[in-house]
Amino acid sequence: MRRVSTIDGYFKKKNPNCSILEVNAGEIPLPASTTIDIPIIEKIDIPEENAGETSSPASTTSIDIPIFENSPTKYRRIEVRKIDVSLLECDPGLCKQICDYDVNQQDEIRRAYIKLGPCQPILPNYPKSGKEKHLRSFHRAWFKAFPLWLEYSIEKDAAFCLPCFLFSKSTGTSGYHGQVAFIIEGFKSWKKAMDGVRGGFFNHVGKDPSSFHKIAQRSCEDLMNQSQHIQKVLDNFTSEQIANNRLRLKASINTVRLLAHQGIAFRGRDESASSMNRGNFLETLHYGASFSEKMVDLIKNAPKNATYTSPQIQKEILHACSTKVQKEIREEISDAKFCLIVDEAHDESMKEQMAIVLRFVDKCGFVRERFFVVVHVPNTTSLTLKHEIYSILSHHSLNIQNIRGQGYDGASNMRGGWNGLQALILKVCPYAYYIHCFAHRLQLALVASSKEVGVVYCFFTKLPPIVTTVGASCKRFEELKLAQASDIEHLLAINELESGSGLNQISTLQRPADTRWSSHLRSISSFIKLFSPTCVVLLKVQAEGNSSQRGEAKSAYEEITTFDFVFMLHLMKEILLITDSLCQALQCKTQDILNAMNLVSSTKELLQKLRDDGWDALNSNVILFCEARNIDVPDMNGRYIERGGRARHQQDDFTIEHHYQVDIFNAVIDYQVQELKR
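Conventions we followed
- Sequence order as written defines residue numbering, which begins from 1 separately in each chain.
- Since the coordinates come from a predicted model, pLDDT governs what is reported: local features require at least 70, and pairs of side-chain atoms require 80 or more to be given and counted, while whole-chain, interface and lining totals use all residues.
- To obtain the side-chain values, all non-hydrogen atoms of the structure were included, while hydrogens and water were left out.
- Residue burial is assigned from relative accessible area. The probe radius is 1.4 Å, only protein chains are included, and a residue is buried under 20% of its type maximum, exposed over 50%, and partly exposed in between.
- We count a stretch as a helix when DSSP gives it H or I for four or more residues in a row; a strand needs E for two or more, and each element gets its number in order from the N terminus.
- At least two DSSP bridges between two strands are needed for those strands to be called paired.
- Angular values range over 0 to 180 degrees, each being the angle between N-to-C directions of two axes fitted as lines to C-alpha atoms, with helices fitted over their stretch in contact.
- As used in this record, nonpolar core signifies buried Ala, Val, Leu, Ile, Met, Phe, Trp, Tyr and Cys residues forming a set joined through side-chain atoms within 4.5 Å.
- We call two residues in contact when some of their heavy atoms are within 4.5 Å.
- Relative orientations are named as follows: roughly parallel for angles under 35 degrees, roughly antiparallel for angles over 145 degrees, roughly perpendicular for angles from 65 to 115 degrees, and oblique for any other angle.
- By convention, the crossing between two helices is left-handed when the near helix turns anticlockwise from the far helix through less than a right angle, and right-handed when the turn is clockwise.
- Three categories are distinguished: nonpolar for Ala, Val, Leu, Ile, Met, Phe, Trp, Tyr, Cys and Pro, charged for Asp, Glu, Lys and Arg, and polar for the others, with Gly belonging to the last.
- Pairing of aromatic side chains here covers Phe, Tyr and the six-membered ring of Trp, requires ring centres within 6.5 Å, and sorts the geometry by plane angle: under 30 degrees stacked, over 60 edge-to-face, intermediate tilted.
- By convention in these notes, a salt bridge is any Lys or Arg side-chain nitrogen within 4 Å of a carboxyl oxygen on Asp or Glu.

K.L.:
What should I look at first to understand helix α1 (residues 106–116) in this one?
P.N.:
For an α-helix the count is 3.6 residues per turn, leaving residues at separations of three or four pointing the same way. Buried residues of α1: Q106, I109, R110, R111, A112, Y113 and L116, and no others. Downstream of α1 by one or two residues, G117 has phi in the positive range, about 85°.

This is how it looks when you write it as C-alpha cells:
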C-alpha cells in the first residue's frame, strides 16, 4: 500500500499547530474522520509551542475521576483529545521517533503508520550521489523487491525501514537499539544496496530468525492482530470456562484454608506428576476432588495457565486469607483502646520472629485477645522492635495513642526503664503502662526457689536423666508399657484401683522442659504413676544390657529407690499442683489484673496452709508409698511441736532424718512464698 501517489504532498506547508502530538507534519490525503483517542492526564494547562497562532483542529473533552476510592472529594482531571492522523509526518527522514512519544500514545501511533504502509514515493528521477565518475541513485524497482518494509525519504535521499522505526527503543545517549542506518540516519550506500547476500538490504533483513528486523516485523503483525489482543482473549471466554475456573480456584482456596487451620505444611519434597506423594496441598486437593467426577475432570483437564495449584498461587491465597483475618480483627477493634502483647523467638531457620497479640474490649464488653501478626525482625534491639510495631499498627490504621498497656517478658531490651521497648512507647503514649507477664514472673519465681534450695535443684537435675534412661529406645518403651499393664492388673486384683471407662490408661514418662514448669508437674505425676513399672524396666536393663547400660540403670535404680527421692517427688507434686493452677489461670484470655492479684494472694495462702497443716498428710503418703514398694523408711517415731506458726524441732525427741525432711519442707515453701511476694 502506498501512502501517496504524487510528490505534491511532500512540499505542502507544514502545519505549525500540532502541540498535541508535538510533531510537525505535512498534509496527507486521508479521510477526515480518521482519528485516534489518546488520553492525556493533566491538572494544569500546557502552553502551546507557537503561542498566538491558530490552534490545532482537535476536540477536547474533560472528565473528573476520584484520585482515591475512599476519598470522593479529591479529583483528577482527564482530558481525552482526538488526534487527526493526517498530522503525522510521512517522510521517514523527518518523522519523530516512536520512543519520544508519550508511552500511552505509542501503540496508536504505530497502528496509524502500519495502516498507512511504508513511504514509497515514485519519482521520475531520484537524486544521484557518490563520486563524480560513479554517481548512483535509488531505484524504484527496489520497492517491488521489499514492498513491506522499505521506505524512501525525499528530504534526506536515504532508505529507511518501517518496522524497525516503529519498534526501535532508545538506549539513552548512545543511540537506538537496532540498526541505526535504517532508523535515524538512513541508508545511502546505493552501490552496496543489492550486492548479493552481503548487500545492505539483505544484510539488514538478516538470516537469523531472531534478527532485530524480523522481530520488528513480527511485532507489527502482533500489534495489528486484534484477535490476539488481551481484551479479545478475555472476551472470548465462555460462561462455562469462567465457571470451571472458579470451581478450580474455590477448591484451591478451601484446601489452603484447611491446611492453614490445621497448621500443616503445604509443599512436598517431590511434586512431579510421577511422584507417589506430591505434598499435603496437592494430595488434599485431589482427595477432596475424588468425591465428584466433575471436579476430577476439571482438575485433570485444566489448562496450564488456570490450574491454580502453583506455589505462588498457594502463597497468594494464604496471604489473602491472612489479610482477611487481620481486616476482621481491625474491624472488631474499631476505635477502642487496646493493649500490646509482644514476644520474640527464633524459628527453625534461625530467623528472629516477633509475634504481636492485641488485647481489647469488644463492643459487647468482653475482653478479647487476638493473635495479629508474626513478622521477621533482623535483631531484637528495642529500636528495631519499636519501628516494626509502629509500621504494623500504621499499616492497619491503628492509632498508637490508643495503646493502654504493654505486656512483655523481663528482658532488658523489653522492660528497660530508659531504652527498653516499654520506655520508648511510653514516651509517645503516656498511658501505655507496662506489665511484666504474670505467668512469666511465676515461672521465674519457681526457677529461683528451685535453685536456692539445694536438694530441690539436685532433684530436678537427676529427674530428666532417669526419664531418658527408661525411654532411651523403643524396646524399653514397650517393656515399660508391658510392666504398667501388669501392675494395673495386680492393683485391680487387690482392689487398689477402680475400673471403668477412661480409667487406667497406658501412658509413658514425660520429660520436663526447662522453660515450661507445667511440664515439670506432668513429668512428676507420670513418674509417680509409673514408679513400679520404671523399677521393673531398670532391673531388666541391669540384667540384660551392656556394661554402660547396666551402669546407668543401676545408678538410676539406686537413686529412685531412696526415701529422699520419693519424699521430694511427692513434695514437689503438692507444690506444683498449687502453682500450676495459678499458672493456668494467669494465661486465660479474659483475665484482668485485679483478679490476677487475688489469685496470687490465694496461692500464697494455700502454700502457707500446706506448710502449717500439710506435713502429716504428706509424710503419711510418702511412708505408705515406700512401704508398698519395699523402700527403706527412716525412723519417724519422733515428735515435733508448733511454735509461732513455725516447726520447732526437739533433737531429743526425733531422729536426724526427720529433722532434715521437715527443714526441706519448710525451706521450699518459704522460697515459693517469698518469690511470689515480689
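K.L.:
Whenever I open this one, the sheet that holds strand β11 (residues 352–361) confuses me. Can you help?
P.N.:
Adjacent strands of a sheet pair through backbone hydrogen bonds, lying either parallel or antiparallel. Here we have five strands laid out as an open sheet, ordered β12-β11-β10-β13-β14, and mixed in their pairing. Single-partner strands in this sheet number two, and they are β12 (367–376) and β14 (434–436). For this sheet, the mean angle separating the axes of adjacent strands, direction not counted, is 25°. Two elements, strand β13 (residues 403–408) and β14, share three bridges in a ladder whose sense is parallel. Note on β14: the bridge partner recorded for Y408 is H436.

K.L.:
Any chance you could explain the nonpolar core here in plain terms?
P.N.:
A general trend in soluble globular proteins is that nonpolar side chains are found buried together. Counting 52 residues, the largest nonpolar core has F459, I524, F527 and F531 as the members making the most contacts within it. Elements with a contribution of two residues or more to this core: α14 (438–452), α15 (454–470), α17 (517–529), α18 (531–544), α19 (547–560), α20 (563–586), α21 (593–613) and α22 (615–628). The leading source of residues in this core is α20, at 14 residues. If we ignore the near neighbours within four places in the chain, the residues touching I524 are F459, F460, L463, L569, M572, K573 and L576. Within the second largest apolar cluster, 27 residues are counted, among which are I356, V375, I403 and Y408.

K.L.:
Would you take a moment to explain the packing of α20 against α22 for this structure?
P.N.:
Between two packed helices, both the angle of their axes relative to each other and the distance between the axes serve to describe the pair. Where α20 meets α22, the axes come as close as 10 Å, and the angle between the chain directions of the two elements is 135°. The angle between α20 and α22 falls in the class oblique. Seen from above, α20 lies across α22 with right-handed handedness. Two secondary-structure elements touch here, α20 through F563, V566, F567, H570, L571 and E574 and α22 through W615, L618, N619, V622, F625 and C626. Class assignment for the residues of the contact of α20 with α22 results in nine nonpolar, two polar and one charged.

K.L.:
How should I be thinking about the packing of α1 against helix α5 (residues 212–224) in this particular structure?
P.N.:
Their axes nearest at 10 Å, the elements α1 and α5 cross at an angle of 100°. In terms of orientation, α1 lies roughly perpendicular with respect to α5. Each of D107, R110, R111, I114 and K115 in α1 lies in contact with α5, whose residues at this interface are C220, L223 and M224. Along the lines of polarity and charge, the residues of the contact of α1 with α5 split into four nonpolar, no polar and four charged.

K.L.:
Please explain the packing of aromatic side chains as it appears in this structure.
P.N.:
Any aromatic ring pair is given by two values, namely how distant the centres are and how the planes are angled relative to each other. Overall, the coordinates contain 28 aromatic pairs when judged by the stated rule. For the ring pair F138 and Y152, a centre distance of 4.7 Å and an interplane angle of 35° mean the geometry is tilted. Placement of the pair is F138 in the loop between β5 (136–137) and α2 (141–145) and Y152 in strand β6 (residues 150–153), with a sequence separation of 14 residues. Of the two residues, F138 and Y152, neither departs from the other in class, the shared state being buried.

K.L.:
What is the right way to read unusual backbone geometry from this model?
P.N.:
Peptide bonds are trans in most cases, and residues, glycine excluded, mostly fall at negative phi. Non-glycine residue D157 carries a positive phi angle of around 50°. Looking at the secondary structure, you find D157 in the loop between β6 and β7 (158–161). Take D157: its relative accessible area is 13%, and that puts it in the buried class. Phi at M350 takes a positive value of approximately 65°, unusual for a residue other than glycine. Among the structural elements, M350 can be located in the loop between β10 (338–346) and β11.

K.L.:
I would appreciate a short explanation of the side chain of E344 in the present structure.
P.N.:
Secondary-structure assignment places E344 in strand β10. In contact with E344, not counting residues within four places along its chain, are E352, Q353, M354, T380, L385, D409, N413 and M414.

K.L.:
Help me understand the pattern of salt bridges in this model?
P.N.:
A pair can form between side chains of opposite charge whenever their charged atoms are brought close. Scanning all chains against the criterion turns up nine salt bridges. Between R267 and E271 there is a salt bridge; the shortest N-O distance is 2.9 Å. The class for R267 is partly exposed, based on a relative accessible area of 47%. For D362, the salt bridge goes to R368, with nearest N and O atoms at 2.9 Å. Given the relative accessible area of 11%, D362 is considered buried. A residue is classified by how much of its surface remains accessible, and R368, at 29% relative accessible area, is partly exposed.

K.L.:
Could you clarify how one ought to interpret the environment of C99 in this entry?
P.N.:
Among the secondary structure elements, C99 is positioned in the loop between β3 (71–84) and α1. It is 9.6 Å that separates the C-alpha atoms of C99 and F165, two residues lying 66 residues apart in sequence.

K.L.:
What exactly am I supposed to notice about the pairing of β11 here?
P.N.:
A regular strand places its side chains so that they alternate between the two faces of the sheet. β11 sits mainly inside the fold: seven of its 10 residues count as buried. Strand direction decides the pairing type here: β11 and β12, joined by nine bridges, are antiparallel. Bridge assignment links I356 to a residue of β12, and that residue is V373. In textbook terms, the turn of a hairpin is the stretch between consecutive antiparallel strands, and for β11 and β12 this stretch comprises five residues, one of which, G365, has a positive phi near 90°.

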